[in-house]
Amino acid sequence: MKISIIGMGAVGTEVVSFLLNAGVASEIVAVDSAARKAQAEIWDFSHVASFIYAQNPRLCAGDYADAAGSDLVVVTAGAQLKQGETRDSLAGVNSRVIREIIADVERSSPAAIVLMVTNPVDLMAQAALRFSSYPKERVISLGTIVDTARFMRIVSDHVAIDPKNIFGYVIGDHSHTGFIPWSLCNVCGLDVDAYCALNGLPPLDRAAVRERVLQIGLDIFAGKGNTNHGIAASVFRIIRAIVGNERSVLPVGTLLEGEYGVSGAVMSVPCVIGRTGVQRIVACRLTPEEDEAFQASYRHKLELLKLVGLAA
């Protein structure tokens, strides 16, 4: 599989590292406006190949012509957050950036699956759909998968077991409107409160968990100027599901057309991910309170779409 990374900042560079060490790509192409940096990164990565016991891919730093025929394109390029900004504040400038990038991506790789990582991710996926002819199943937003990973870690710390034994999602939007549908969550198959009660643990403060999930990314950014490890791991999780045709259910952003009672917006919901992209949107039964939280997130998204001229 040929995979191209558009934008070799902290996230894009770490995605290449995941791909190289896992051996899931036959060719990796790095494209960045800072061509000298991209080339240096690829030279550096080429020396890693001497020590990994995985498929040894062709590595290339170049432009969209070099990325031609990609099976998967990961877009991380765009303006980055500054101290005091929110992801939503990037909507205007990055929608213009994505409009240019997606035109080049489609010309060079019309059959690709596009994985959008540029913030605000769901909105940028919607921009990519608006400014290209890609079908909706092949434009995937990173969505709330990193929020979900943070949620699983927080619950894991509370119950002192492996986070992979925590089941649940953050859905809605990768913003302050994202929420946890606790009715879909469990620990080892048990309702979260039931697990805690049966195992001598204090109950979780659900409001505090959500607040921490939504705040931790901003705290990481404040401490080191970016958030890259968890995001790159989330990107790779989606790539692995695509490459292996896993049909795994992951909370990613996809265009909704009536699902969950909304239409015309890319929202983060559980989706079946496989070789063709989003193979199916999973229908879930939310409680009335959870449905209202989803609708609130949708209303927030509509306001952003109007703000940047992407509303239907």
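The structure presented is a predicted model; accordingly, all values stated were derived computationally and were not measured.

Caption draft 1: Region of the structure containing the overall build of the chain. Across its full length, the chain carries nine helices and eleven strands. Dimensions along the principal axes, computed over C-alpha positions, put the chain at roughly 55 × 50 × 40 Å. For the chain, with 312 residues in total, the buried portion stands at 53%. Restricting to contacts in the chain with at least 6 residues of sequence separation, those with at least 24 account for 70%. When the accessible surface of the chain is split by element, carbon and sulfur atoms take 54% of a total near 13500 Å². Across the chain, the mean location of the 28 positive side-chain charges is 3 Å away from that of the 32 negative side-chain charges.

Caption draft 2: Representation of the pairing of strand 5 (residues 113-116) within the structure. Residue alternation in strand 5 divides its side chains into two sets, I113 and L115 and V114 and M116, and both sets are buried. Note: strand 4 (residues 72-75) against strand 5, four bridges, orientation parallel. Across the sheet, V74 pairs through a bridge with L115, a residue of strand 5. A crossover connection joins strand 5 to the parallel strand 6 (residues 139-141) through helix 4 (residues 121-130); in handedness this β-α-β unit is right-handed.

Caption draft 3: Representation of the packing of aromatic side chains. Per the stated rule, a full pass over the model turns up five aromatic pairs. Note on F151 and W182: the rings are 5.5 Å apart at their centroids and 80° apart in plane angle, and the pair reads as edge-to-face. Taken as a pair, F151 in helix 5 (residues 145-159) and W182 in the loop between strand 7 (166-167) and strand 8 (186-187) lie far apart in primary sequence, 31 residues in all. Of the aromatic side chains, those joined through ring pairs into one cluster are F179, Y260 and F294.

Caption draft 4: A look at the packing of helix 1 (residues 10-22) against helix 8 (residues 229-243). Two elements in contact, helix 1 and helix 8, have axes separated by 9 Å at closest approach and are oriented at 50°. It follows that helix 1 is oblique to helix 8 by the angle criterion. In terms of crossing hand, the pair formed by helix 1 and helix 8 is right-handed. Two secondary-structure elements touch here, helix 1 through V11, E14, V15, F18, L19 and A22 and helix 8 through H229, I231, A232, A233, V235, F236 and I239. Tallied by class, the residues present in the contact of helix 1 with helix 8 amount to eleven nonpolar, one polar and one charged.

Caption draft 5: Fine view of the pattern of salt bridges. Counted under the stated rule, the structure contains 15 salt bridges. For R240, the salt bridge identified is with E246, shortest N-O distance 3.6 Å. Where salt bridges share partners, they join K2, E27 and R58 into one cluster.

Conventions adopted
- Residues numbered from 1 in each chain as written.
- Predicted model: local features only at pLDDT ≥ 70, side-chain atom pairs only at ≥ 80, totals over all residues.
- Heavy atoms only, no water.
- Helix = DSSP H or I, 4+ residues; strand = E, 2+ residues; numbered from the N terminus.
- Buried < 20%, exposed > 50% of the residue type's maximum accessible area, 1.4 Å probe, protein only.
- Contact = heavy atoms within 4.5 Å.
- Areas by Shrake-Rupley, 256 points an atom, 1.4 Å probe, with all protein chains shown as cover.
- Lys, Arg positive; Asp, Glu negative; His and termini not counted.
- Charge placed at Lys NZ, Arg CZ, Asp CG, Glu CD.
- Pairing = 2+ DSSP bridges.
- Right-handed = clockwise from strand over helix to strand, strands pointing away.
- Phe/Tyr/Trp six-rings, centres within 6.5 Å; stacked < 30°, edge-to-face > 60°.
- Axes fitted to C-alpha atoms, helices over the stretch in contact; angles between N-to-C directions.
- Parallel < 35°, antiparallel > 145°, perpendicular 65-115°, else oblique.
- Left-handed = near helix turned anticlockwise from the far one by under 90°.
- Nonpolar A, V, L, I, M, F, W, Y, C, P; charged D, E, K, R; others polar.
- Salt bridge = Lys/Arg side-chain N within 4 Å of Asp/Glu carboxyl O.

Remember that the coordinates give geometry; whether it matters functionally is a separate question.
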